[in-house]
Every structure is written in structure tokens, then in C-alpha cells.
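A closer look at the structure
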Amino acid sequence: MSQERTTLIAGNWKMNGGLDEVDGLAGDLAGRMAGLAAAPGFELAVCPPFPLLPMVASAIEESGIALGAQDCHGNEKGAHTGDVSAKLLAQVGCAYVIVGHSERRTDHGETDEQVRAKAEAAQAAGMAAIVCVGETEAERDAGRATEVVVGQVVGSVPEGATAENLVIAYEPVWAIGTGKTATPQDAQDMHAAIRASLADRFGAETAAGIRILYGGSMKPGNAAELLALADVDGGLIGGASLVADDFWAIGQAAG
Ligand code: PGA
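Calculation notes
Chains are numbered independently. Their residues run from 1 in the order of the written sequence. For a predicted model such as this one, the threshold for reporting local features is a pLDDT of at least 70, and the threshold for listing and counting side-chain atom pairs is 80 or more; totals across whole chains, interfaces and linings nevertheless cover every residue. With hydrogens and water stripped out, all remaining heavy atoms of the structure feed into the side-chain values. The pairing criterion for strands is at least two bridges between them, as found by DSSP. Numbering of helices and strands starts at the N terminus; helices are DSSP runs of H or I of at least 4 residues and strands are runs of E of at least 2. All axes are obtained by fitting lines to C-alpha atoms, using only the stretch in contact for helices, and the reported angles, taken between N-to-C directions, cover 0 to 180 degrees. Residue contacts follow a heavy-atom distance rule, with two residues in contact if any of their heavy atoms lie within 4.5 Å. Relative accessibility decides the category of a residue: with a 1.4 Å probe and only protein chains considered, values under 20% of the type maximum give buried, values over 50% give exposed, and everything between is partly exposed. The arc under discussion is defined with respect to the helix axis, by the directions toward the C-beta atoms. Should an angle fall under 35 degrees it is taken as roughly parallel, and over 145 as roughly antiparallel, whereas 65 to 115 is taken as roughly perpendicular and any remaining angle as oblique. Rotating anticlockwise by less than a right angle from the far helix to the near helix defines a left-handed crossing, while the corresponding clockwise rotation defines a right-handed one. Residue type decides the class: Asp, Glu, Lys and Arg count as charged, Ala, Val, Leu, Ile, Met, Phe, Trp, Tyr, Cys and Pro as nonpolar, and the leftover types, Gly among them, as polar. We call a set of buried residues a nonpolar core when its members are Ala, Val, Leu, Ile, Met, Phe, Trp, Tyr or Cys and they connect through side-chain atoms within 4.5 Å of each other. Any N or O atom pair separated by 3.5 Å or less is treated as a polar contact, with the protein-specific requirement of one donor-capable and one acceptor-capable atom, and with residues adjacent in sequence counted only for side-chain atom pairs. Multiplying one less than the number of residues by 1.5 Å gives the expected span of a helix.

1. Digging into the sheet that holds strand 8 (residues 234-237)
Spatially, 8 strands are ordered 1-2-3-4-5-6-7-8 in a closed barrel, and the strand pairing comes out parallel. The mean angle between the axes of side-by-side strands here comes to 25 degrees, regardless of whether they run parallel or antiparallel. Sheet analysis places strand 3 (residues 66-69) next to strand 4 (residues 94-99), joined by 3 bridges and oriented parallel. Across the sheet, the residue bridging to L67 is C94, located in strand 4. Contacts from helix 8 (residues 184-202) reach strand 5 (128-133), strand 6 (166-170) and strand 7 (211-215), with the element oriented near 145 degrees to strand 7. Against the sheet, helix 11 (residues 244-254) engages strand 1 (7-12), strand 2 (42-47) and strand 8, with an angle of about 150 degrees to strand 2.

2. Thoughts on helix 11
Since the α-helix advances by 3.6 residues per turn, residues separated by three or four positions end up pointing in the same direction. Restricting attention to buried positions, one finds in helix 11 the residues A244, F247, W248, I250, G251 and A254. For helix 11, the angular spread of the buried residues around the axis is 155 degrees, confining them to a single face. The inward-facing, buried residues of helix 11 abut strand 1, helix 1 (19-34), strand 2, helix 10 (220-227) and strand 8.

3. Points about the packing of helix 1 against helix 11
Across the interface, helix 1 lies against helix 11 with an axial gap of 10 Å and an inter-helix angle of 40 degrees. Considering the angle they form, helix 1 stands oblique to helix 11. Crossing handedness for the pair helix 1 and helix 11: right-handed. Facing L25, D28, L29, R32 and M33 of helix 1, the residues of helix 11 in contact are A244, D245, F247 and W248. In the contact of helix 1 with helix 11, the residues fall into 6 nonpolar, no polar and 3 charged.

4. A word on the nonpolar core
Counting residues in each nonpolar core, the largest one holds 67 residues, and the members touching the most others are I168, I194 and L198. When residues of this core are assigned to their parent elements, the largest contribution, 6 residues, is made by helix 1. When sequence neighbours within four positions are dropped, the list of residues in contact with L198 reads V153, L166, I168, G203, A207, I210 and I212. Core analysis: the second largest hydrophobic core is formed by 14 residues, A66, Y96, A128 and L213 among them.

5. Things to note about the side chain of R211
By the secondary structure assignment, R211 is in strand 7. Judged by relative accessible area, R211 falls into the buried class, the value being 11%. Side-chain polar atoms of R211 contact the backbone oxygen of T6, separated by 2.9 Å. In this structure R211 touches R5, T6, L8, E43, Y96, L166, V167, I168 and D233, once residues within four positions along its chain are discounted.

6. Here's the deal with helix 7 (residues 145-156)
Taking 1.5 Å per residue as the helical rise, helix 7 with its 12 residues ought to reach 16 Å, and the 16 Å between its terminal C-alpha atoms agrees with that figure. Those residues of helix 7 not exposed but buried are A145, V148, V149, V150, Q152, V153, G155 and S156. Lining the buried residues of helix 7 we find helix 4 (102-107), helix 5 (112-124), strand 5, helix 6 (137-141), strand 6 and helix 8.

7. Some remarks on the side chain of S217
Within the fold, S217 resides in the loop between strand 7 and helix 10. Beyond its immediate sequence surroundings of up to four residues, S217 is in contact with A175, I176, G177, T178, G179, K180, T181 and N222.

Here is the structure:
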């Protein structure tokens, strides 16, 4: 992690959590933030399912914890049954929207082009897009991991990226929910390749400010090692974000 980038620890609840987690998880984290003697050296964000967003927004109000959504539509509004606009997410208090998670790329066939439109919509609504990229195990085994991931970054990140409106999450697909993680060297190499690609397009100064998170089985036991890497600026946490003690411990490892 670099001094100029505030470490972001974002919890991706996925299709987990219900009404009990509003106070039991989000409220619990807010209480822990309030109990800190000094400002934390990291930023926490929680990304619950859509219906919980306004309630979680209330539970974390004034805690310094940011709210994020897990998806948005690429269009501003219209006839898109079941989809949610970026503008509405901003209205209910979201600062972040995860776009292009590998589960959405797989489950819903999302393409780089669609992910780019979603990121653009999130940014236009005043939020930061957390653009997810990552290779499959077969792609890594074939020696194509960097090519695939950099290709996704090029295809999924809209023009006009800044340190404020863009976060990248590198999540090797084979590491998500599996208990496997990238080695520190592989993670650092990929994060550096992503930053180099951002620098080519947006300039070195902008790229130096954009946070690149690692995701895929990050836990209290491996977080400190991953977060200490030069180009790893935080984590996108799935399973471990559902347990307040674990998520908090990852934040502590960052701070
Ligand atoms: P995991 O999920 O931490 O459960 O591996 C990470 C993610 O998919 O964002």
C-alpha cells in the first residue's frame, strides 16, 4: 500500500444477509468505528443486497463506513425490469457500486462493454465504480492471466477515470470463495500490470492515485501479508465480510 492511497476494505455481502444483519453486522461495525480512539488508517465499505441499502445506510450513518451496491444498470432509467439505476443508488446513500464481478460476468453473461457502461453510469451519478477483473484457473494455467486481466481493464474501464471515481478489484476467479489465494508475488505482479495499463491510458499521476483491491479468500490470517504489497490498496471481501470479527480484523490488518 502506498501512503497516498487510503486502504479500502469493502465487504461484498453478495446474496447473503437479511434484516438481522442490518444491526447485527452493519450496526456492529458502526459501533466499532465509534469506539476507535483515533481516525482509522483505512476506509471500510459495506455492499449489502439492494433492499437492505436504505436500512444499512441508517445503521452506519455518521460512522465513517461507506455504503456500496453490488450492481447497477448502464442506462440512466427506463424499461429494464428488475434492474436498478445508479441515480437511485446514489440517492439512498451509496458511494460505491461494484460492477463486473465475475459472478455477474458468469451468471448474467456480462461483457466488458456492459461493465463499462455500468461503471460510466455509476460515475455519472457521482459514485465510484469498483470495476472487477480476474482470470480463470485455466487462463492462468495457460500463461494468459496478465493478458486476460489487462484486457478486461482496458475493456471495462470508461474514459475519464480519476482516483475519486474508479477503484479496480483484482479477483482471480479461482480464488473466490475457494480458500485459495494468489501468492503475494503473483498478486503484486498483477496489480503492477493493472496500474501500468491505467498509467498508459490516464497518465502516471492518475494511475498512482487509483486504488487496486485484491479479492479472493482474503481473511484475517492472510490480509496483512497481501495488504502490505506495494500495489495492493485494499480488499474486496466476500465470505469474511459476513462475520463482524473477521471483517474488522481485516480492517485492523490494513490500518
Ligand atoms: P471471497 O469473495 O472473499 O468469499 O472469496 C470475494 C469476492 O467475490 O468479492
